[in-house]
Structure formats: C-alpha cells, structure tokens
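Results of the structural survey
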Amino acid sequence: MNKQQGPKRSPIRPDYLVILIIILLAVGMYFFFTQMMQPGVVNYDEPGLIEAINDGKIATIRSEYVGGDNYNLWEITGTFTEGNKPEGYGSFTIILFGDRLDNLYDVISLYNEANPSTPVKLNFVPHVTVDFWNIITTILLVAAPIVLVIIMFRSMSSQSNRAQDFTKNRAKVSRGKQVKFADVAGADEEKAEMVELIDFLKNPKKYTDMGARVPKGVLLVGQPGTGKTLLAKAVAGEADVPFFSISGSDFVELYVGVGASRVRDLFKVAKQNAPCIIFIDEIDAVGRQRGAGMGGGNDEREQTLNQLLVEMDGFSGNLGIIIMAATNRPDVLDPALLRPGRFDRQITMQVPDQKSREEILKVHARSKKLDPSIKFSEIAMRIPGFTGADIENLLNEAALLAARENRTVISLQDIDEAADRVTMGPAKKSRKYTPNEKKMVAYHEAGHAVIGLKVNSASVVQKVTIVPRGRAGGYALYTPVEEKFNYSKSELIAMITSALGGRVAEEIVFDDVTTGAYDDFKRATKLARSMVTEYGMSDLGPIQYESDSGNVFLGRDYLKDKNFSDAVALEIDKEVRSIITECYTNARNVINEHRDLLDNIAKYLILVETLTKSDIDEIASTGKLLWWDNREVNSDAHENSK
Ligand code: ADP
Ligand code: MG
Ligand code: ZN
C-alpha cells in the first residue's frame, strides 16, 4: 500500500477526453454539413426524374459538380415533397452530363411557372471534394485553436504542480520486500539495541499506557558500507512497518524554504502512516552545525535543520514514529540534534572483524553458488578491513568472474582475484595490510592491552582490535574507559603509561618502531602537559599556567592563554619530559615482565582481530581462547597456529 501517492496524479486524462470530444465533434460537423440529411437514396434515371418533377413529387434539387474533363459531370440530389417519398427513402440521386443538365433546368422552370405556389427549389452547390484531406482540414481548423488553448493551460497548471511537487518530501516508502535481521550479519550488539524499538513499533500502546517515553531518534554512525541503511531497513522489516527513507541532501535545494517544507511534509505523511520509521540518510548534509562556515552560514540549510528540530519536538513519542538517521560524520552534527528527545541514541556500526566478516560472507553466499570446499573463515582472513558492502561486492565480482568463464561454481581463486580487484581499487588501497604489518599492529595493540591488565589503576581495556578504521587513517584500537571527569594523579600516570604501551611493545618485539603510535604520543603528551600546567600535579607546584576552554578528555583542541615566562616554559617542558620518560620506563618493565601474555594476546589478535574484555581476561588467565580454538578444530581443518 502506498497511501502517499495517488490522488493528485490524474489531470492528464480529462485533457485527452476533451481532445477526443473535439475530434468527434469536428467529424460530426463535417458530415452534418456535407451530407446533410441523407437518410436514404433512391436512384433515378433522367426520364424518371423529369416525370417525377412533372408529377410534383420533387421538392428540392441540388446539383453538384463531381468531375469530368469539361466540367460536365454532375450529381443531382434532391428531396421529395410531403407524401411522395418512396418507402424508406429520403432523397434521390442521379449523375448527369452537362448537356442533359440544361434539359433538367428547362423542365424545372416550366414546372415552377405552372406551380408557383409549390416550386421545386433549385440549388447549385459549389464544388466540394469529399476526401480524406478535407476531413483533416476541417478537424484542424476546428480543433487546433482549442487544443492550443488546452496545451497552454495544461503546461501552466503542470508547472504549478511541479512547484508543488518540489516542496513535497522525496521520501521513498518501501514495504515490499522486507529486510530482516537475518540479513544483517555480525552486528549482534547493534541488533540487540534495536529490539526494544521494534517492540515499541509493533505495539506503541503498551508503552504509552505505561507512560514510558520511548526514544524518538536513533543515530547510526559508521563508515560507508557498514550496514547502517541495512540495519534501519531491517528494523522496519522486523517491526513490519512502513519505511520512509530520504537522504539529507534531498532536503537541500536551490530554493529557500523548500527544504523546510519538505521536512514538514515528510512528517505529515509519516504521521498518517504511523507506526512507521523515518530514515534520514547522510543527515550531516542537513544537520551540520549551525552558524558554521564562511559568510554567515547557509540560511537554507539552517532553516531546514530548524524545521527538522521543530518537527522532532512536535510529536509525542506515542505516535509510534521512530526517526533513524545515518552519518559517517557525527562530529560535524549540530549539537541540538543530539539532545534528549531528538537523536538521543547513538549506535556505532563497526567495520566488521574476522568473525563478523565470516557471517556477512555467509549471508551473501546464500544467493551464490560457491565451491563447497571453500571455508568462509579463510576468506574472511584474507580481507581485513572490508566492510559489509565490500564483502557483498567481493562475492559479486567473484560470481562475475566465474560466470565469464562459464563455470558453474565460484572457486577460491575467483574470490582471491576479486579480493585483489576490490582492494586495489583506489579507495581501499590504504586499508590493505601485509602480514608483517598485521603482526606489528597486533603487537602494538597487545602492548596497550598488557598495560591495561597489569598496571594498577590503569583503565580497563574493553576491547582490542586491529581492524583498520579508515577515517582515523590508522588502526584504532582499544575502546577505553568509562567517561569520567575527575582523575587522580595515579590514574593519569597509568593512562599515559598505557598510551605508550603500544610503542614499547613494538620496540621490544621488533626492535623497530612504526608511525602507528602517532596518536598515542599526542595523547600522552597532552595528558602530561595538562598534569603540569593545569592540574598542578608536578614539582612546579599547584599553579595553573594554562587554562583550557575545552576538555582534554573529550579530545577537543583548545586555545591556551600563555601566562608564564620562557624560563617557566622550559621548566614545564622538563617536567613533561620527565613524566613521559618515567611512564615509558614503567611500560617497558611491565611488558618485559609479561612478555608471554603479550605474545599470546598478539597471536589471538592476528587470528581473531577483535578481542573483547572477556576474551582478554581468558587469555590472561588461561593462555587460551576456548571458543576460538574449539571452533578452529570443528569447522576448519587447516592449521592456523604459527
Ligand atoms: P551504509 O548505509 O552504512 O553505507 P549499507 O547499509 O548501504 O551501508 O550497506 C551496503 C550493503 O552492504 C548492504 O546492502 C549489504 O548488502 C552489505 N552489508 C553491509 N553490512 C552488512 C551486514 N552486517 N550484513 C550483511 N550485509 C551487509
Ligand atoms: Mg547508506
Ligand atoms: Zn596505540
């Protein structure tokens, strides 16, 4: 069902109807005037006609030239006087030659002289050819002006229609083939987050009756191709509600005010179709921070954004509408969008790790014919950094390769080749890493993890991953830390130490270092500097030399007011260096002491790519990762350990 389209779409038909009527009218008129009243025709020969005239049976005669070389062939038609019509006939017709016409006229004038009260009316008709072109001309003459007027009228009205369409939302509604959770592989946590929303969409009343306020907006954050759109669709599919999807850039148009009215319209339609999901893709196109940009910002976009905020505030959650939005740039969004009652839930779609890639492969292999000896885990191992979209693309390329060579199943070589094609593509080049690089990254991250485990008051490592994250440009890493605003000195020291753990591990294991520690150093230095200049945690004493206008833990850059001498600056640098050196030495000691733990974590990182806290704890306490080891034995004959 598709309620939103339909009623306005009919103005074409009446136009055609009018044109048809005009044509029929013109044809009708033509025949009316040319062959007026000829219900039937009786044929006379000339003597019979003259006799009929003399008998007073003829009322009118009409002579019409119909051809002949010397203007001599005439058609005579006529009507009968009252009471003298032969049964079933209204008129007669006769073809005469010119010379016999004179004879006929004589007879008529004689008759008329004798019967002045009932004369035979004589009627010469100018030459008219009854042919196709004649009809066409008549039609054109009658119809052309009218059609012209109609066309003008229509184009005017369709222009105004278009102007109206313009402000209409461009949302596509889909309800046909539904995406289900089963189509979204790997993202288990993300799916779990959605279960509540689905339940709400299925049965809004349950929640309303409880007085519960259900989130209105969910923001899906993640790189392109990580399945944001897919997940949103799957929520609609699972809840079995309409899915209105629109892209942020659809709101932004040339004309001021159009975006805002599209937003209004979208919400109106959604309200009529509730429960439903509104999905705004690429919301950053419209939701960028207001007031940013050169020349006072973009009024149109701001208007649109304002309207979006107004609409989101404007409906109560009880309607059963959930607004989902997707972006890969959450950092540029206007903070107003993220406030409670708007997009107050954020879900991050991760680039899939080994296990998730395997599952995504399985989902997309359902529709493909793969060589049964291919192991998904092997493929997954070859494609670190691939997103769901990349994987779909990979299998598709492989299928194309197989088809091109007329094979019936996709072989491992096809996939290999396809992987190369997909990876070599300019966009993903940077994401490819060599086995050696992978090992280095694994040790680096394992270094962070070991510090997290073994240094007191270091923040707990929740997750370690070596899945590259494109936007960061590097390999991002371990999810830290509960958010906290007060830190003790020992905690800060531990944070610096664990930031340095990555580099230390590289140094110890490879006797070489990489640029991968760039962000770690930045963070460590910033922390150390803050300890000295802001928090009064050094030998320089409790003096604040610099104040910030942001929060270092939120990673904002901030402007510093420098209110100290160069001599003090030197002191500060010294202090910062000594903190860093102390932490570095400490990290070295810790990692050297726990070298086998480091090796173990790195080994599993290379295999699994993402380790959760419980994985790490298990490795730390038993040296093994059972779910993985068992799985290797069961599903994968091939030897993986190094
Ligand atoms: P995004 O909106 O994040 O850019 P999409 O949702 O459009 O990404 O994903 C593009 C395609 O990639 C999907 O149509 C799907 O085929 C595939 N895909 C992405 N993530 C997954 C996943 N978790 N499971 C299965 N397929 C996925
Ligand atoms: Mg998308
Ligand atoms: Zn690091």
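Everything discussed here concerns the structure shown above.
A brief look at the structure comes next. Worth saying up front: this structure is predicted, and the values here are computed from it rather than measured. (Residues numbered from 1 in each chain as written. Chains lettered and ligands numbered in written order. Predicted model: local features only at pLDDT ≥ 70, side-chain atom pairs only at ≥ 80, totals over all residues. Heavy atoms only, no water.)

Next up on the list: the pairing of strand 4 (residues 91-97). Within strand 4, 5 of the 7 residues are buried, which leaves it mostly tucked inside the rest of the structure. Across 7 bridges, strand 3 (residues 73-80) lies against strand 4 in antiparallel orientation. Counterpart to isoleucine 76 in the pairing with strand 4 is isoleucine 94. (Buried < 20%, exposed > 50% of the residue type's maximum accessible area, 1.4 Å probe, protein only. Helix = DSSP H or I, 4+ residues; strand = E, 2+ residues; numbered from the N terminus. Pairing = 2+ DSSP bridges.)

Below, the discussion takes up helix 16 (residues 435-454). Given a rise of 1.5 Å per residue, 20 residues ought to cover 28 Å, and the 28 Å separating the end C-alpha atoms of helix 16 matches this to within 8%. With 14 of 20 residues buried, helix 16 is to be regarded as a mostly interior element. (Expected span 1.5 Å × (residues − 1).)

Moving on: the coordination of the zinc ion (ligand 3). Taken together, the protein donors to the zinc ion (ligand 3) comprise His444 (NE2), His448 (NE2), Asp520 (OD) and Asp520 (OD), at separations of 2.0 to 2.8 Å. Around the zinc ion (ligand 3), the 4 donor atoms sit at angles spanning 51 to 142°, and that spread fits a shape best called irregular. (Donors = N, O, S within 2.8 Å, 3.2 Å for Na, K, Ca; no water. Tetrahedral: all angles 85-135°; square planar, octahedral: opposite > 155°, others 65-115°.)

With that settled, the discussion passes to the site of ligand 1. Around ligand 1, the structure places 16 residues, and the nearest of them are Gly225, Lys228, Thr229, Leu230 and His364. At 2.8 Å, a backbone N or O of alanine 185 approaches a nitrogen atom of ligand 1. Take leucine 230: an N or O atom from its main chain is 2.8 Å from an oxygen atom of ligand 1. With the chains in place, 81% of the 550 Å² that ligand 1 exposes on its own is no longer accessible. Only helix 7 (228-239), helix 12 (354-365) and helix 14 (388-404) provide two or more residues apiece to the shell around ligand 1. When the residues that make up the shell around ligand 1 are grouped by side-chain class, the tally is 6 nonpolar, 7 polar and 3 charged. (Near = heavy atom within 4 Å. Polar contact = N/O pair within 3.5 Å; in protein donor to acceptor, adjacent residues only side chain to side chain. Areas by Shrake-Rupley, 256 points an atom, 1.4 Å probe, with all protein chains shown as cover. Nonpolar A, V, L, I, M, F, W, Y, C, P; charged D, E, K, R; others polar.)

As a further point, take the nonpolar core. Counting residues in hydrophobic clusters, the biggest one holds 32 residues, and the most contacted among them are Ile591, Ile601, Tyr604 and Leu611. The element that contributes the greatest number of residues to this core is helix 20 (residues 595-608), accounting for 8 residues. Other than its neighbours up to four places away in sequence, isoleucine 601 contacts Ala446, Ala449, Val450, Leu453, Leu611, Ile616 and Ile619. Among the nonpolar cores identified, the runner-up in size contains 28 residues, and Val179, Leu220, Phe279 and Met324 belong to it. (Core = buried A, V, L, I, M, F, W, Y, C linked by side-chain atoms within 4.5 Å. Contact = heavy atoms within 4.5 Å.)

A few words now on the environment of leucine 219. Here leucine 219 is to be found in strand 7 (residues 217-221). C-alpha of leucine 219 to C-alpha of aspartate 344: the two residues are 125 residues apart in sequence and 7.6 Å apart in space. Apart from the residues within four sequence positions on either side, leucine 219 is in contact with Ile283, Ala325, Thr327, Leu333, Leu338, Phe343, Arg345, Gln346 and Ile347.

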